[in-house]
Amino acid sequence: MTPAISVTGLGRRYRNHEALAGVTFEIGTPCIAGLVGRNGAGKTTLLRILGGQEFATSGQVRVLGAEPLENDAVLRRIVLVREDQTYPDLKVRHAIAAASLMYPNWDADLAATLVDAYELPPSRPIKKLSRGMRTALGITIGLAARAEVTLFDEPYAGLDAVARTLFYDQLLADYTAHPRCILLSTHLVDEAAELLDRIVVVDHGRLVLDAATDDLRGTATTVTGPARDVERFIAGRTTLSTRTLGTNTRAVMVGRLDSRDRELAGHLRLRLEGLTLQQLAVHAAERHDPSALTAAEAS
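Residues numbered from 1 in each chain as written. Predicted model: local features only at pLDDT ≥ 70, side-chain atom pairs only at ≥ 80, totals over all residues. Heavy atoms only, no water.

**Considerations on the nonpolar core**
Quick reminder of the rule: By convention a nonpolar core is built from buried Ala, Val, Leu, Ile, Met, Phe, Trp, Tyr and Cys residues, the set being connected through side-chain atoms within 4.5 Å. The buried label applies to any residue whose accessible area, calculated with a 1.4 Å probe on protein chains only, is under 20% of its type's maximum; exposed applies above 50%, and partly exposed to all values in between. Numbering of helices and strands runs from the N terminus; a helix is a DSSP stretch of H or I covering at least four residues, while a strand is a stretch of E covering at least two. Two residues qualify as a contact provided that any one of their heavy atoms is within 4.5 Å of a heavy atom in the partner residue.
Counting residues in hydrophobic clusters, the biggest one holds 38 residues, and the most contacted among them are W106, Y118, L137, L143, F152, F167 and L171. Of all the secondary structure elements, the ones that give two or more residues to this core are β5 (78-81), α3 (92-102), α4 (108-117), α5 (131-144), α6 (161-177) and β7 (181-185). Element by element, the count of residues in this core is highest for α5, at six residues. Among all residues touching F167, those that are not within four sequence positions of it are Y118, I139, L143, F152, P155 and L184.

And the structure:
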């Protein structure tokens, strides 16, 4: 089956900056994938290229089997909602009406439901909306488009926790009813973790981790306790970091734990905590070497 997104050796260079370098990955469909990285990592550039809004300097990009740039047949099957989304001088209802003409799978009922849920004023000019309301408008268009490839770039700007939860709930409900490929750029990895089938981490324009979230969960553990006992417990294991303060040591080790490991930890009175997806993403970015984490998938 043709992947929804296929990127091979992708590079994007500006005059004095290399935004992306040698990025290669595939995302099938249906899938909700998280695109993760610090500010300036290259996430927005990648999404703009996938959405046909920017050209690549090198490499190959295929969305739904074809090059998206200047390809209207493909672009009508893609929706990209950006944090800094700009709109013409329109009212809310006009923007929604225009979007309904652009996307063949548009769901007017869902759009109306989201307008009500986010309390968007249909007759208000978009330029007079608050930041949170502009974000809600982008979410409304992004979900109601029901595009086969849906790209969200930090879609929660200006939203409070309640509104973000509404977004996650609506996204999951609509994805369950209408499966498709959704790529969600986010800093709030743990908040969105239950949605994500896959995580793609970029740092300084390079891919540092690409893995199924189910494969990553439980692959790394923080071990805390007396230095000598922690050293005994982690002996022979791959560690991502070790920090000693006074007589206590805190180590992050790779590898799944079995009942004997937990029994030993209990005997040594060590505290064990599994790393969250966000913590794993941070370690991958810091190391620029995902081999330890990905190797642990098979263990």
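There's more to say after this.
**Some details on the packing of aromatic side chains**
Which entries qualify depends on this criterion: Any two rings among Phe, Tyr and Trp, with Trp reduced to its six-membered ring, count as a pair given centres within 6.5 Å; such a pair is stacked if its planes are under 30 degrees apart, edge-to-face if over 60, and tilted if neither. Remark: a charge is flagged as sitting over a ring if the NZ atom of Lys or the CZ atom of Arg is within 6 Å of the ring centre and within 35 degrees of the ring normal.
For the structure shown, the criterion picks out two aromatic pairs. Plain terms: the ring middles of F152 and F167 are 5.4 Å apart, the flat faces sit at 80° to each other, and that makes the pair edge-to-face. Highlighted residues: F152 in strand β6 (residues 149-153) and F167 in helix α6, separated in sequence by 15 residues. A ring pair is formed by F167 and Y168, whose centres lie 5.6 Å apart and whose planes are at 45°; its orientation type is tilted. Each of the two residues, F167 as well as Y168, counts as buried. Ring-pair connections join several aromatic residues into one group, and the members of that group are F152, F167 and Y168. Seen from the ring of F55, R12 lies directly overhead, with NZ or CZ sitting 4.2 Å from the centre. Its end group placed over the ring of F233, R237 keeps NZ or CZ at 5.5 Å from the ring centre.

**Topic: the side chain of T135**
By the element assignment, T135 lies in helix α5. Setting aside residues no more than four positions away along its own chain, T135 makes contact with P155, Y156, A157 and L159.

**Re the domain arrangement of the protein chain**
Just so we agree on the cut-off: In this entry, domain limits derive from an automatic or database-based domain assignment. Buried surface area refers to the total accessible area, computed with a probe of radius 1.4 Å, that the two partners give up upon joining, counted for both partners together. Within this document, salt bridges are pairs made up of a side-chain nitrogen of Lys or Arg and a carboxyl oxygen of Asp or Glu, the two lying within 4 Å of each other. Polar contact criterion, stated in full: a pair of N or O atoms within 3.5 Å, where within protein one must be able to donate a hydrogen and the other to accept it, and residues adjacent in sequence count only if both atoms are side-chain atoms.
Per the domain assignment, the segments of the protein chain are domain 1 (5-213) and domain 2 (216-298). Measuring from the centre of the C-alpha atoms in domain 1 to the corresponding centre in domain 2 gives 34 Å. Residue-level contacts link 17 residues of domain 1 with 13 residues of domain 2. Each partner contributes to the roughly 1,300 Å² buried at the junction of domain 1 and domain 2, and carbon and sulfur atoms together form 61% of this total. When the area that domain 1 buries against domain 2 is broken down by residue, the three leading residues are V208, L209 and T213, summing to 40%. Linking domain 1 with domain 2 are zero salt bridges. Seen at the junction of domain 1 and domain 2, the total is eight residue pairs in polar contact (both at pLDDT 80 or more). Of all the elements in the fold, those that place two or more residues in the side of domain 1 that touches domain 2 are α7 (189-192), β8 (198-203) and β9 (206-212). The greatest single-element share of the side of domain 1 that touches domain 2, amounting to four residues, is contributed by β9.

**Examining the packing of α4 against α5**
Axis angle and axis distance: for two packed helices, these are the angle between their axes and the distance between the axes, and together they describe the pair. Just so we agree on the cut-off: Axes here mean lines fitted to C-alpha atoms, for a helix over just the part in contact, with angles spanning 0 to 180 degrees between N-to-C directions. The labels follow the angle: roughly parallel below 35 degrees, roughly antiparallel above 145, roughly perpendicular from 65 to 115, and oblique for the rest. Should the near helix be turned anticlockwise from the far one by less than a right angle, the crossing is left-handed, and should it be turned clockwise, the crossing is right-handed. For this scheme, ten residues count as nonpolar: Ala, Val, Leu, Ile, Met, Phe, Trp, Tyr, Cys and Pro. Four count as charged, namely Asp, Glu, Lys and Arg, and the remainder, Gly too, count as polar.
Where α4 meets α5, the closest approach of the two axes is 9 Å, and the angle between their N-to-C directions is 160°. Considering the angle they form, α4 stands roughly antiparallel to α5. Crossing hand, α4 versus α5: right-handed. The residues of α5 that touch α4, namely those facing L110, A111, L114 and V115, are I139, T140, L143 and A144. Grouping the constituent residues of the contact of α4 with α5 by class yields seven nonpolar, one polar and no charged.

**As for the side chain of T222**
Along the chain, T222 turns up in strand β10 (residues 220-226). With relative accessibility at 3%, the residue T222 sits in the buried group. Setting aside anything within four residues of it in sequence, one finds T222 in contact with R250, A251, V252, R271, L272, E273 and L275.

**Quick word on unusual backbone geometry**
In this chain, T29 is followed by P30 through a cis amide linkage whose omega measures 0°. Relative to the helices and strands, P30 is located in the loop between β2 (17-27) and β3 (31-36). Phi is positive for R269, which is not a glycine, with a value near 60°. Relative to the elements of secondary structure, R269 occurs in the loop between α10 (259-268) and β13 (271-274). The exposure class of R269 is exposed, given its relative accessible area of 74%.

**Considering α6**
Spelled out, the test is: Every helix has an expected span of 1.5 Å times one less than the residues it contains. Think of it as the arc spanned by the lines of direction from the helix axis to the C-beta atoms.
Taking 1.5 Å as the rise per residue, α6 with 17 residues should run 24 Å; its terminal C-alpha atoms sit 24 Å apart, in good agreement. Burial in α6 covers these residues: A163, R164, F167, Y168, Q170, L171, D174 and Y175. Taken around the axis of α6, the buried residues stretch over an arc of 170°, which confines them to a single face. Of the exposed residues in α6, those oriented more than 90 degrees away from the buried face are V162, D169, T176 and A177. Considering only its buried residues, α6 is in contact with β3, α4, α5, β6, β7 and α7. In this structure D160 caps α6, since a side-chain oxygen of it lies 3.2 Å from the backbone nitrogen of V162.

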